[in-house]
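# Understanding the architecture of this molecule
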Amino acid sequence: MVRMSADERRESVIRAATSEFARGGYHGTSTEAIARRVGVSQPYLFRLFAGKRAIFLAASERCMDDTVRTFEEAARGLEGEEALHAMANAYTRVLAEQPERLMMQMQTYVAVAAAEAEGDHGFGEAVRAGWMRLWDTVHVPLGADVNETTTFMAYGMLVNCLVAMGFAPGDRVWEGMYPSARIKGRLEK
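To keep things clear, this report deals only with the structure shown in the data block. No experiment lies behind these values; they were computed from the predicted model shown. (Residues numbered from 1 in each chain as written. Predicted model: local features only at pLDDT ≥ 70, side-chain atom pairs only at ≥ 80, totals over all residues. Heavy atoms only, no water.)

A few words on the overall build of the protein. Per the secondary structure count, the protein includes eight helices and zero strands. Listing each helix as α and each strand as β along the protein from the N terminus yields α-α-α-α-α-α-α-α. For the protein, whose C-alpha radius of gyration is 18 Å, the value lies close to the compact-globule estimate of 16 Å for 189 residues. Oriented by its inertia axes, the alpha-carbon framework of the protein measures out at about 50 × 40 × 35 Å. Summarising the internal contacts of the protein: among those between residues at least 6 apart in sequence, 59% fall at separations of at least 24. Surface accessibility of the protein: about 10,200 Å² in total, with carbon and sulfur atoms responsible for 53%. Across the protein, the mean location of the 22 positive side-chain charges is 8 Å away from that of the 25 negative side-chain charges. (Helix = DSSP H or I, 4+ residues; strand = E, 2+ residues; numbered from the N terminus. Rg over C-alpha atoms; globule rule 2.2 N^0.38 Å. Contact = heavy atoms within 4.5 Å. Areas by Shrake-Rupley, 256 points an atom, 1.4 Å probe, with all protein chains shown as cover. Lys, Arg positive; Asp, Glu negative; His and termini not counted. Charge placed at Lys NZ, Arg CZ, Asp CG, Glu CD.)

In structure tokens form, the structure reads like this:
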């Protein structure tokens, strides 16, 4: 059997943590469940990450980085309305193909509110920094127009909420959205 390097093992922990946290949230997921999914002991897990918070932040940052990359790749060489629709189509495809990414995003937003209510503001600062990277990634292809960027991000959050609540692609709640913001096909549960 081939041994994994620490970096490869960290990657496997981030993937496993994303799956576990997407389902259970920060407070409802144990590090034991993550370690079990990866096939390592909890002590080894804590050699790779300083603690549960660090694991959750790594998974959250990966989720945000993947979304940024999705938008960058979709908008490459495009601007304005073409970029908007390319990014929206790419994002709705991701939601249909990788539902855990959406749920991890939603769990991240809830975790920020809970952490800040407990006095941990550093967690929210890290997540907000990721959100601003996402905002900037969308802002430039949309002509650096604040209103266009706000509208795009607002549609995205609405799409996130509708998908998280389980609205099927044909439901009437999608009718008012521009076609590229509509979820197509069958969503995985």
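Resuming the write-up.
Its place among the elements puts Gln105 in helix α6 (residues 99-117). Here Gln105 is in contact with Cys63, Thr67, Tyr91 and Asn160, once residues within four sequence places are set aside.

Where helix α4 (residues 52-75) contacts α6, the two axes come as close as 10 Å, and the packing angle between them is 125°. Here α4 lies oblique to α6, going by the angle between them. The two elements α4 and α6 cross, and the hand of that crossing is left-handed. Two secondary-structure elements touch here, α4 through Phe56, Ala59, Ser60, Cys63, Met64, Asp66, Thr67 and Thr70 and α6 through Arg101, Met104, Gln105, Gln107, Thr108, Tyr109 and Ala111. Tallied by class, residues from the contact of α4 with α6 come to seven nonpolar, six polar and two charged. (Axes fitted to C-alpha atoms, helices over the stretch in contact; angles between N-to-C directions. Parallel < 35°, antiparallel > 145°, perpendicular 65-115°, else oblique. Left-handed = near helix turned anticlockwise from the far one by under 90°. Nonpolar A, V, L, I, M, F, W, Y, C, P; charged D, E, K, R; others polar.)

Attention shifts here to the packing of aromatic side chains. Across all of its chains, the model carries seven aromatic pairs by this definition. Between Phe21 and Tyr26, the aromatic rings sit 6.2 Å apart at their centres with planes inclined by 20°, giving stacked as the arrangement. Judged by relative accessible area, which is 22%, Tyr26 ranks as partly exposed. Here the aromatic rings of Tyr109 and Trp131 are separated by 6.2 Å at their centres, their planes lie at 85°, and the arrangement is edge-to-face. Of this pair, Tyr109 sits in helix α6 while Trp131 is found in helix α7 (residues 121-139), placing the two residues 22 residues apart along the sequence. Taken together, the ring pairs in this structure connect Phe21, Tyr26, Phe56 and Phe123 into an aromatic cluster. (Phe/Tyr/Trp six-rings, centres within 6.5 Å; stacked < 30°, edge-to-face > 60°. Buried < 20%, exposed > 50% of the residue type's maximum accessible area, 1.4 Å probe, protein only.)

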